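Commentary on secondary and tertiary structure
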Amino acid sequence: MARIVMKFGGTSMAGTERIRRVAGIVKRQQEAGHEVAVVVSAMSGETDRLVNFCREADALYDPAEYDVVVASGEQVTSGLLAMHLQALGCKARSWLGWQLPVRTDDAFSKARIESIDSPELLASMAAGEIAVIPGFQGLTADNRVTTLGRGGSDTSAVAVAAAILADRCDIYTDVDGVYTTDPRIVAKARKLKNVTYEEMLELASVGSKVLQTRSVSLAMKEGVRVQVLSSFIDETAPPADSLPGTMIVSDAELEGLEMERQLITGIAADKNEAKVTLTRIADRPGAVAAIFSPLANANINVDMIIQNVAKDKGETDVTFTVPGADLARTQALLEARQEAIGYTRLICDSKVAKVSVVGVGMRSHAGVASTMFRALADRGINIQAISTSEIKVSVLIDEDETELAVRVLHTAYGLDGE
Ligand code: ADP
Ligand code: ASP
Ligand code: MG
């Protein structure tokens, strides 16, 4: 007998028929003799709908109240799945974030899980009850509702798996694994049998939304075995132990599994970035700190940063990217500090995309970046900013050219499948 956490995403939970199917998959897993906890997302589109209500209420909405609103989508699906399981004759109950509780910090709208209380949950599972847990939601030390950032149910699932020492965390979604790039953009994308935590972490952090970034770092830290697989399987499909998903593995494990390692693991795109430029800032110590300290204090993550070479008058332009969802707040914070920072113009552009190539293999290979720049140049795609890490190169481009860039790079690095 194994203890398994099964997570179902928004598309898998979208409506009565889909939830009934999910209940069937869960039931079969239990019938195979396993203890099962299920983590669910809201129905697809629901969280977007709720986010829009918040925006309509106030462009600079209170993040704590935003969390109260957007956490509700998962409450609905967890109750419904418990009902469907009961209808199939299973014992099942829902456990809302506050009932476990899932404790988080108070970074509303992007909270981090600090602990999950599991004794009651484990007792109920040991008694044969299927636990249905709404993903995405948590509770601060002073009992205010939080959410974990978009896509956060993946992180809830991994955190539950770590808390109950599960043997595996299966992430069921609408694709049957992790591919070399989004298979919805590139039809020739290839499915990866295995991917390392490190590569998956980097792919997720640059926009492969198949897993939330934090879920991967948490799995890596806690040693949770994560598998990505499709929930769109029929009644006769084999149990999850033999379904052909993608397994996230350690470096050492991968070496034992695959003889030859690709230079590039995958390509990701992120359209949720926004570019901010401040012109004519004094080129002196402290100028950049004056821009980024207020953003850091407001929990706004700055990603790519470029500071241009100072012009004659000792002035410089600074360009950086922030998550699109934080653009309005970024703009408000910077406008309020125009004098203190001493810039001339604030220019915002949300019509940009970040395209990245990721691969552990690039550590020992030169020329990865130049292949990228050449391939994009050949198609007339202009690069607005660049950032690199040991295993990744990212470029910022016009949003309209995203799909073209991903396809061109997929071919340029020899990743195209049949
Ligand atoms: P869920 O609602 O199940 O959490 P998501 O929409 O968050 O599903 O994530 C699954 C989607 O991730 C897929 O439909 C696919 O379009 C996208 N995706 C992006 N990059 C990749 C990749 N490299 N491999 C597989 N899917 C990817
Ligand atoms: N429902 C949330 C979202 O859409 C969390 C999730 O689906 O993982 O972001
Ligand atoms: Mg998701």
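As a reminder, the structure under discussion sits directly above these lines.
Here is a short report on the structure shown in this document.

Cut-offs used in this document
- Residues numbered from 1 in each chain as written.
- Chains lettered and ligands numbered in written order.
- Predicted model: local features only at pLDDT ≥ 70, side-chain atom pairs only at ≥ 80, totals over all residues.
- Heavy atoms only, no water.
- Near = heavy atom within 4 Å.
- Polar contact = N/O pair within 3.5 Å; in protein donor to acceptor, adjacent residues only side chain to side chain.
- Areas by Shrake-Rupley, 256 points an atom, 1.4 Å probe, with all protein chains shown as cover.
- Pairing = 2+ DSSP bridges.
- Helix = DSSP H or I, 4+ residues; strand = E, 2+ residues; numbered from the N terminus.
- Axes fitted to C-alpha atoms, helices over the stretch in contact; angles between N-to-C directions.
- Contact = heavy atoms within 4.5 Å.
- Salt bridge = Lys/Arg side-chain N within 4 Å of Asp/Glu carboxyl O.
- Buried < 20%, exposed > 50% of the residue type's maximum accessible area, 1.4 Å probe, protein only.
- Nonpolar A, V, L, I, M, F, W, Y, C, P; charged D, E, K, R; others polar.
- Parallel < 35°, antiparallel > 145°, perpendicular 65-115°, else oblique.
- Left-handed = near helix turned anticlockwise from the far one by under 90°.
- Core = buried A, V, L, I, M, F, W, Y, C linked by side-chain atoms within 4.5 Å.

On to the site of ligand 1, then. The full set close to ligand 1 counts 17 residues, and Thr173, Asp174, Tyr179, Asp182 and Arg184 are the nearest of them. Contact between ligand 1 and Lys7: an oxygen atom at 3.1 Å from a side-chain N or O atom of the residue. Side-chain polar atom of Lys209 to an oxygen atom of ligand 1: 3.2 Å apart, as the coordinates give it. Across the complex, the protein chains shield 89% of the 580 Å² of accessible surface that ligand 1 would expose by itself.

The next thing to look at is the sheet that holds strand β17 (residues 346–349). Pairing is antiparallel across the open sheet formed by four strands, whose spatial order is β15-β16-β14-β17. Among the strands making up the open sheet, the edge pair consists of β15 (305–307) and β17. Averaged over all pairs of adjacent strands, the angle between strand axes in this sheet comes to 15°, irrespective of strand direction. Where strand β14 (residues 273–282) lies against strand β16 (residues 315–323), eight bridges are found, and the strand directions are antiparallel. Note on β16: the bridge partner recorded for Thr277 is Thr319. Across the sheet, helix α10 (residues 287–297) is in contact with β14, β15 and β16; its angle to β16 comes to roughly 20°.

In this section: the pattern of salt bridges. Going through the model one piece at a time under the given rule, you end up with 22 salt bridges. Of the charged contacts, one joins Lys27 and Glu31 as a salt bridge, the two residues approaching to 3.5 Å between their closest N and O atoms. Placement of both Lys27 and Glu31 in helix α1 (residues 16–31) is noted, with a separation of four residues, approximately one turn of the helix. Judged by relative accessible area, Glu31 falls into the exposed class, the value being 54%. Here the salt bridges share partners, and the residues they tie into one network are Lys110, Asp326 and Arg329.

The subject of this paragraph is the site of ligand 2. Lining the immediate environment of ligand 2, one finds Ser41, Ala42, Thr47, Glu74, Phe136, Arg150, Gly151, Gly152 and Ser153. In this structure, an oxygen atom belonging to ligand 2 sits 2.6 Å away from a side-chain N or O atom of Arg150. Take Ser153: an N or O atom from its main chain is 3.0 Å from an oxygen atom of ligand 2. Burial of ligand 2 by the surrounding chains reaches 86%, relative to a free accessible area of 260 Å². Considered class by class, the residues forming the shell around ligand 2 number two nonpolar, five polar and two charged.

This paragraph deals with unusual backbone geometry. In this model, Leu100 is joined to Pro101 through a cis peptide bond whose omega is -10°. Residue Ser109 is not a glycine yet carries a positive backbone phi of 75°. Even without a glycine there, the phi angle at Leu165 is positive, about 50°. With respect to the helices, strands and loops of the structure, Leu165 is situated in the loop between α6 (153–163) and β9 (168–173).

Take the environment of Ala369 next. Within the secondary structure layout, Ala369 lies in helix α13 (residues 368–378). Given a relative accessible area of 23%, Ala369 falls into the partly exposed group. As a C-alpha pair, Ala369 and Lys392 span 23 residues in sequence and 8.9 Å in three-dimensional space.

Close contact between α13 and helix α14 (residues 402–412) brings their axes to 10 Å; oriented N to C, the two are set at 130°. Here α13 is positioned oblique relative to α14, judged by the angle of their axes. Helix-helix and strand crossings are classified by hand; for α13 and α14 the assignment is right-handed. Seen from α13, the contacting residues are Thr371, Met372, Ala375 and Leu376; seen from α14, they are Ala405, Val408, Leu409 and Ala412.

Before going further, it helps to spend a moment on the nonpolar core. Core analysis: the largest hydrophobic core is formed by 38 residues, its most contacted members being Val5, Leu121, Ile164, Cys169, Met200, Val224 and Val226. Secondary-structure elements contributing two or more residues to this core are β2 (35–40), α5 (119–126), β6 (130–134), α6, β9, α7 (197–205), α8 (213–222) and β11 (226–230). With 25 residues, the next largest nonpolar core counts Ile19, Val40, Leu229 and Ile233 among its residues.

For β2, a buried count of six out of six residues is recorded, marking the element as mostly surrounded by other parts of the structure. In β2, alternate side chains face the same way, and those of Glu35, Ala37 and Val39 on one face and Val36, Val38 and Val40 on the other are all buried. For strand β1 (residues 3–8) and β2, the ladder comprises six bridges, and the chain directions are parallel. Note on β2: the bridge partner recorded for Arg3 is Glu35. Bridging between β2 and β6 involves four bridges; their strand directions are parallel. From the neighbouring strand, Val38 faces β6, where its bridge partner is Val132.

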